[in-house]
Amino acid sequence: QQRCSITCPTQKQWYQRRVRVISNYSKTYPVPANTTKLNKGPVRMQYIADIIQFVYELPQFAPKLVVESVYPLPMEQMDQNHGIVVYQTTIPEDISLPADIDIDLYGDRVYVITEDGEVQISSRNRPYKTFTVNDRKLYILVEDNGHSNTGHVRYSYKYYQKGIIGNVTANGQVLKHWTAYLVSQFFPRGPYEPQDQESLTVLTNMLEHLEKLNTDNRTERRRRRKRRGGGGFVPQIWRSLLQLDVQQDTYVDTQGWGKGLLSVIYTNTTTSMSVDNINLGRYWPLAGPQKRHYCPSPGPDREDLKSMFVMLELEQVPEVKTITLTDTPLVDGDYDSTQE
């Protein structure tokens, strides 16, 4: 985070220094000139797995990230105050299909997914929606969109929780016996925060396992084709096809993709061991206005490290599966409020 702020000073930062706003309260230091950013161009991305396959394999790699409960728990009760959680349950046989799914309250964006690939999306900003499903195996992915600190008292504390808050019903009957998968624990908790080595090792091992599984397992390929034919976009995991030699700061352009999480993993080329995973933040070029994300270099004198980009894409993939590394930011692009 420090590299980001001192190598990319904004006009506002220069202005604050000139009018001595900062120096009235703190000692100031010389600000270095902007660094030269890398303009590498398109980087091809490779499909790894969809979210259903990902959570199916998660218990054998990270059982601590799987939480079972009678009723769905908010994120805070699972030691996660933001990010993404996938809830899974099975609709009992005594409930007829198609079933109308109602969620008491959720924070903040919800994706209702079935095993056959149906996907329905809503958010807290939209009018209340009942979801109709035709499959008994039900997945509900919930993403938070940040916390409000305005202090107004229109809503109770429950409104500010994240995840599923309350019960989920099918045709009016409360659904029980839930399993929650803390998917975003694989991404560091905040932008530019390092990830602990245990989680990083588990993530890289799981990515390798899923890539091999999709290559060698015909049954899994048939399941994936069935989900793709369900009429919706099931969230997916992607990574850069090759490990890249990125020794300069750069900006990652995600235009063409939909919405999701983006991180970069640094791997030691000598030992083939992943040494760091940096969360570059959430991207949402469909809504904007930010279209590019700052990506720091591994650091000075770290030519032994290669970079691999990992994406959790929630809504769409472009026809050409690439991201672009460029030398200029783009934070004031078009904004589409209908996407929220």
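Check the entry above for the structure.
No experiment lies behind these values; they were computed from the predicted model shown.

The omega angle of the peptide bond from Leu-97 to Pro-98 is 0°, so this bond is cis rather than trans. With respect to the secondary-structure elements, Pro-98 resides in the loop between strand E3 (84–90) and strand E4 (99–107). Within the chain, Asp-79 stands out as a residue other than glycine whose phi angle is a positive 60°. If you trace the backbone, Asp-79 turns up in the loop between strand E2 (66–69) and E3. Here the phi dihedral of His-177 falls at roughly 65°; this positive angle occurs in a residue that is not glycine. Within the fold, His-177 resides in the loop between strand E10 (173–174) and strand E11 (178–181). Note on His-177: relative accessible area 59%, which makes it exposed.

What follows concerns a nonpolar patch on the surface. Where nonpolar side chains cluster on the molecular surface, the patch consists of Val-70, Tyr-71 and Val-174 and spans about 220 Å² of accessible area. Mapped onto the elements of the fold, Tyr-71 is located in the loop between E2 and E3.

To continue, consider empty space enclosed by the protein. The tally for this structure, following the rule as stated, stands at one cavity of 30 Å³ or more. Taken together, Phe-54, Val-183, Phe-186, Phe-187, Leu-203, Leu-207, Ile-237, Val-310 and Leu-312 make up the full set of residues lining the largest cavity. For the lining of the largest cavity, the elements supplying multiple residues, two or more each, are helix H4 (197–216) and strand E17 (305–313). In terms of residue class, the lining of the largest cavity is made up of nine nonpolar, no polar and no charged.

Rules and cut-offs
- Position numbers for residues count from 1 along each chain, tracking the sequence in the order it is written.
- This being a predicted model, a pLDDT of at least 70 is required before a residue's local features are given, and a value of 80 or more before pairs of side-chain atoms are given or counted; all residues contribute to the totals for chains, interfaces and linings.
- Only hydrogens and water are removed before side-chain values are computed, so all heavy atoms of the structure are retained for them.
- Numbering of helices and strands runs from the N terminus, with a helix taken as a DSSP run of H or I at least four residues long and a strand as a DSSP run of E at least two residues long.
- Partly exposed residues are those whose accessible area sits between 20% and 50% of the maximum for their type, while under 20% is buried and over 50% is exposed, using a 1.4 Å probe and protein chains only.
- Patch construction takes residues with relative accessible area above 30% that form no salt bridge. Like charges are linked within 9 Å, and nonpolar side chains (Val, Leu, Ile, Met, Phe, Trp, Tyr) are linked within 5 Å.
- Areas reported as accessible are Shrake-Rupley estimates using a 1.4 Å probe. Residue values count occlusion only from the protein chains shown.
- Salt bridge criterion: a side-chain nitrogen from Lys or Arg within 4 Å of a carboxyl oxygen from Asp or Glu.
- Put simply, the grid is 1 Å and covers the protein atoms alone, a cavity is a trapped set of points that fit a 1.4 Å probe, a pocket is an open set with protein on both sides within 12 Å along at least five of seven lines, and lining residues have an atom within 4 Å of a point.
- Grid points are joined across faces, edges and corners, and a volume is the space filled by probe spheres set on the points.
- The classification used treats Ala, Val, Leu, Ile, Met, Phe, Trp, Tyr, Cys and Pro as nonpolar, Asp, Glu, Lys and Arg as charged, and all other residues, Gly among them, as polar.

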